Amino acid sequence: MSAALQTLRAGWHRHGRDYLELTKPRVVALITFTAMVGMLLATPGMVPWEILLFGSLGIALMAGSAAAINHLVDRKVDAVMVRTQHRPLPSGHLESWQVLGFAVIIGVCGFGLLLAFTNALTAVLTFASLIGYAVIYTLFLKRATPQNIVIGGAAGAAPPLLGWTAVTGHVDSGALLLFLIIYVWTPPHFWALAIHRRHDYANADIPMLPVTHGVGFTRLHILLYTILLFLVTLLPFLTGMSSWLYLMGAVLLGLRFLSFAVRLYATGDNRLAMPTFGFSIVYLFGLFAALMLDHYAIRWLENL
């Protein structure tokens with residue numbers, strides 16, 4: 001074992017929680033779940049266990065690597081913002097070289113797993129998503145335009161597409177539809193948080209929409225994107241990808257999300273921003289769970 005790896009290993013024992021925090025585990029858990037649903041929807045039967053296990057692990061490791069690089073790039077901004085000033089780098093718990101080394105190691109491991117157990121297309125697309133989030137979004141888009149999350153959302157929307165290609169080896173309409181759902185979900189999800197943390201973003205000179213165009217304008221866009229999301233989530237049913245079981249779940253979840261967006265816009269009460277943000281996470285998890293349950297339940301009913 002090289003001296004660098006030994007040093008990193010010793011550091012892990014001292015700072016295990018800090019290294020885990022670098023990966024943004026709750027975000028990675030949602031990413032991995034949507035990737036797994038993409039795998040399951042890509043085949044009428046069961047996904048080979050090697051692809052399901054090691055493909056999911058590879059995607060999770062590369063997502064964690066991207067998150068760690070995000071911590072590294074944003075360390076100065078994080079030190080200014082109340083929400084992030086206790087992260088491992090601005091708090092001084094970890095050094096930049098430790099974060100970079102950790103990101104490289106888990107990223108390389110993830111890439112290797114995808115090459116070994118899925119296919120080159122999935123490995124390359126996952127790497128492209130890592131670069132899109134950790135470099136293009138974090139280094140450039142985040143600081144360049146209030147539409148940063150709209151443009152950069154493509155990287156965050158990739159996981160179910162990656163799961164799909166891990167099984168099939170190609171991109172088709174089903175994979176693109178799953179990508180589209182998360183892509184449209186991302187702006188209202190993130191802008192709700194941005195409303196709540198707008199003063200932090202202003203202090204850090206980050207041009208988030210509530211900072212550059214005001215909270216009222218942002219609330220309107222959350223509502224408009226949520227309406228668009230409701231319509232987009234009907235497409236799996238309309239295209240025959242899913243059945244009435246998914247449709248019921250999508251409509252119920254969509255109406256609930258719309259109720260949050262309408263209340264946030266109509267009342268002008270910014271205290272509703274965080275409940276809206278919180279439900280948006282529940283919404284996405286529930287929507288993809290509905291896709292997965294529909295995929296297998298309908299086939300089970302057909303075989304009765």
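Since the model is a prediction, treat every value here as computed from it, not as a measurement.

Ranked by size, the top nonpolar core spans 85 residues in total, and within it Trp185, Tyr283 and Phe288 carry the most contacts. In terms of residues, this core owes the most to one element, helix H10 (residues 173-196), which gives twelve residues. Those residues in contact with tyrosine 283 that lie beyond four places of it in its chain are Trp185, Leu229, Thr233, Leu253, Gly254 and Phe257.

Right, let's talk about the environment of threonine 84 for a bit. Structurally, threonine 84 is set in the loop between helix H5 (75-80) and helix H6 (96-117). Separated by 153 residues in the primary sequence, threonine 84 and phenylalanine 237 place their C-alpha atoms 40 Å from one another.

Our focus in this paragraph is the side chain of serine 65. Position of serine 65 among the secondary structure elements: in helix H4 (residues 49-73). Within the local environment of serine 65, its side chain forms a polar contact with the backbone oxygen of alanine 103, the two atoms lying 2.7 Å apart.

This part is about the side chain of serine 243. Structurally, the position occupied by serine 243 is in the loop between helix H14 (235-238) and helix H15 (244-267). On the accessibility criterion, serine 243 (14% relative accessible area) is buried. Polar contacts involving the side chain of serine 243 include one to the side chain of aspartate 294, which spans 2.4 Å.

Another aspect to go through is the packing of aromatic side chains. Two numbers describe a pair of aromatic rings. These are the distance of the centres and the angle of the planes. If you walk through the whole model with that rule in mind, you get 13 aromatic pairs. With a centroid separation of 6.1 Å and an interplanar angle of 50°, the aromatic rings of tryptophan 49 and phenylalanine 54 are classed as tilted. Here the aromatic rings of phenylalanine 260 and phenylalanine 279 are separated by 5.1 Å at their centres, their planes lie at 15°, and the arrangement is stacked. Within this pair, whereas phenylalanine 260 is found in helix H15, its partner phenylalanine 279 is found in helix H16 (residues 273-302), the two being separated by 19 residues in sequence. A relative accessible area of 11% means that phenylalanine 260 is categorised as buried. Site record: aromatic cluster; members linked through ring pairs are Phe257, Phe260, Phe279 and Tyr283.

The contact between helix H3 (residues 25-41) and helix H9 (residues 159-168) brings their axes to 7 Å, and the two run at 40°. On the basis of their axis angle, the class for H3 and H9 is oblique. Crossing of H3 against H9: the hand is right-handed. Contacts from Ile31, Thr34, Ala35, Gly38, Met39 and Leu41 in H3 reach Pro159, Pro160, Gly163, Trp164, Ala166 and Val167 in H9.

Packed helices, taken two at a time, are described by the angle between their axes plus the distance between the axes. Between H10 and helix H13 (residues 215-232), the least distance of the axes is 9 Å, while the angle of their chain directions is 155°. Considered as vectors, H10 and H13 are oriented roughly antiparallel to each other. Between H10 and H13 the crossing geometry is left-handed. Listed contacts from H13 to Leu177, Leu180, Ile181, Val184, Trp185, Pro187, Pro188, Trp191, Ala192 and Ile195 of H10 are Val215, Thr218, Arg219, His221, Ile222, Tyr225, Thr226, Leu228, Leu229 and Val232.

Reading the values: the criteria
- As a convention, each chain's residues are numbered from 1 in the sequence order in which they are written.
- Only residues with pLDDT of 70 or above have their local features reported here, since the model is predicted, and side-chain atom pairs are shown and tallied only from 80 upward, although totals for entire chains, interfaces and linings are computed over all residues.
- Side-chain metrics in this entry use all non-hydrogen atoms of the structure; hydrogen atoms and water are not considered.
- Among buried residues, the Ala, Val, Leu, Ile, Met, Phe, Trp, Tyr and Cys ones that are joined through side-chain atoms within 4.5 Å form a nonpolar core.
- Type-normalised accessible area, obtained with a 1.4 Å probe on protein chains alone, sets the label of each residue: buried when under 20%, exposed when over 50%, and partly exposed for intermediate values.
- A run of H or I in DSSP becomes a helix once it reaches four residues, and a run of E becomes a strand once it reaches two; helices and strands are each numbered from the N terminus.
- Whether two residues are in contact is decided by their heavy atoms, any of which lying within 4.5 Å being enough.
- Here a polar contact means two N or O atoms within 3.5 Å. Within protein one must be a hydrogen donor candidate and the other an acceptor candidate, and residues neighboring in sequence count only if both atoms are side-chain atoms.
- Side-chain rings of Phe, Tyr and Trp, where Trp is taken by its six-membered ring, are said to pair if the distance between their centres is within 6.5 Å; with planes under 30 degrees apart they count as stacked, over 60 as edge-to-face, and otherwise as tilted.
- Helix axes are fitted only over the stretch in contact, all axes being lines through C-alpha atoms; the angle between N-to-C directions runs from 0 to 180 degrees.
- Small angles under 35 degrees read as roughly parallel and large ones over 145 as roughly antiparallel, with 65 to 115 read as roughly perpendicular and the rest as oblique.
- Crossings are classed by handedness, with left-handed meaning an anticlockwise turn of the near helix from the far one by less than a right angle and right-handed meaning a clockwise turn.

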